Amino acid sequence: MKNKKSMMKRIKQRGFTAIELIIALGVIAVLGGALLKFGGGLMSSGKAKVNSDFIGMLVSTTRPLKSPGVGYANLTSTVVAGYIDEGFVSGGTIINSYGSALVITPVSFAGVSNNALSIADGLYPSQDCNKTISSIGDSMLSVTVNGTSVKASGSPLNKATLQTACSSTSNSVVWTYN
């Protein structure tokens, strides 16, 4: 009889109880949910950094292309595409990290023709719109989001207006610099 009880005890001690399994599955579910919630934000933050670096690179690349007497008159998106990393170009079109085509256009600033460039950019998720513009917006002459000015020439970036302007799930940004 004693042997039978010892054997039952040993069998009972192998593996996990149903309660232990349910608790373990609950912990795994909570951790998985947290990873989905916060992991998506990390990926989004990564794209914001890539895009702010990309816009900065476009500015650095295009500034030396300004010609005396004509400014940026001859610069177009197609011309600029020939000067940047092929990873951001598809069929001659410059593409941001969200898959939106960029349009680069010469613009007049302070009454001087073609002395500035405008980059029309899009598909920014709300969180990335705020992060990208906050990181490089002050280095621009002006920035608009969905048609709302968040940085005017000679003024600092208006963070309150930026917060409201970037509230859409897919935001369009126009950067102007010289």
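Residues numbered from 1 in each chain as written. Predicted model: local features only at pLDDT ≥ 70, side-chain atom pairs only at ≥ 80, totals over all residues. Heavy atoms only, no water.

**So, the overall build of the protein**
Looking only at helices and strands, the protein features 5 helices and 7 strands. Its helices and strands taken in sequence order, the protein reads α-α-α-β-β-β-β-α-β-β-α-β from the N to the C terminus. Counting only residues that meet the buried cut, the protein has 31% of its 178 residues in that class. Long-range contacts, defined here as pairs at least 24 residues apart, represent 62% of the contacts in the protein between residues at least 6 apart. Split by element, the accessible area of the protein, about 10,600 Å² in all, is 63% carbon and sulfur. (Helix = DSSP H or I, 4+ residues; strand = E, 2+ residues; numbered from the N terminus. Buried < 20%, exposed > 50% of the residue type's maximum accessible area, 1.4 Å probe, protein only. Contact = heavy atoms within 4.5 Å. Areas by Shrake-Rupley, 256 points an atom, 1.4 Å probe, with all protein chains shown as cover.)

**Examining the pattern of salt bridges**
Applying the stated criterion across every chain, the model contains 1 salt bridge. Between Lys49 and Asp53 there is a salt bridge, with the nearest N and O atoms lying 2.9 Å from each other. With Lys49 and Asp53 both in helix 2 (residues 18-62) and 4 residues apart, this pair spans about one turn of that helix. (Salt bridge = Lys/Arg side-chain N within 4 Å of Asp/Glu carboxyl O.)

**Some points on the packing of aromatic side chains**
Scanning the entire structure with this criterion turns up 2 aromatic pairs. On the basis of an interplanar angle of 15 degrees and a centroid distance of 4.1 Å, the ring pair of Phe54 and Phe88 is categorised as stacked. Taken as a pair, Phe54 in helix 2 and Phe88 in the loop between helix 3 (77-81) and strand 1 (89-90) lie far apart in primary sequence, 34 residues in all. What makes Phe54 buried here is its relative accessible area of 2%. (Phe/Tyr/Trp six-rings, centres within 6.5 Å; stacked < 30°, edge-to-face > 60°.)

**Side note on the sheet that holds strand 4 (residues 112-124)**
Here 5 strands make up an open sheet; going across it, the order is 3-4-7-5-6 and the pairing antiparallel. A single partner strand is all that each edge strand has here, and the edge strands are strand 3 (103-109) and strand 6 (148-151). In this sheet, adjacent strand axes meet at a mean angle of 30 degrees when their direction is disregarded. Both strand 5 (residues 142-145) and strand 7 (residues 171-177) contribute to a ladder of 4 bridges, which runs antiparallel. (Pairing = 2+ DSSP bridges. Axes fitted to C-alpha atoms, helices over the stretch in contact; angles between N-to-C directions.)

**Some remarks on the state of the cysteines**
In this structure the tally under the stated criterion is 1 disulfide. There is a disulfide in this structure between Cys129 and Cys166, and the S-S distance comes to 2.0 Å. Disulfide Cys129-Cys166: the torsion about the S-S bond is -55 degrees, which places it as left-handed. Residue Cys129 is located in helix 4 (residues 126-136), and its partner Cys166 is located in the loop between helix 5 (159-165) and strand 7; the two are separated by 37 residues in the primary sequence. As far as burial versus exposure is concerned, Cys129 and Cys166 are alike and both buried. (Disulfide = S-S within 2.5 Å.)

**Section: the nonpolar core**
Core analysis: the largest hydrophobic core is formed by 32 residues, its most contacted members being Ile55, Leu58, Ile133, Val145 and Trp175. Listing elements by their share of this core, those giving two or more residues are helix 2, helix 3, strand 4, helix 4, strand 5, helix 5 and strand 7. Residue contributions to this core peak at 5 residues, all from helix 2. Contact partners of Ile55, with chain neighbours within four places excluded, come to Leu102, Ile119, Asp121, Tyr124, Ile136, Met140 and Trp175. (Core = buried A, V, L, I, M, F, W, Y, C linked by side-chain atoms within 4.5 Å.)

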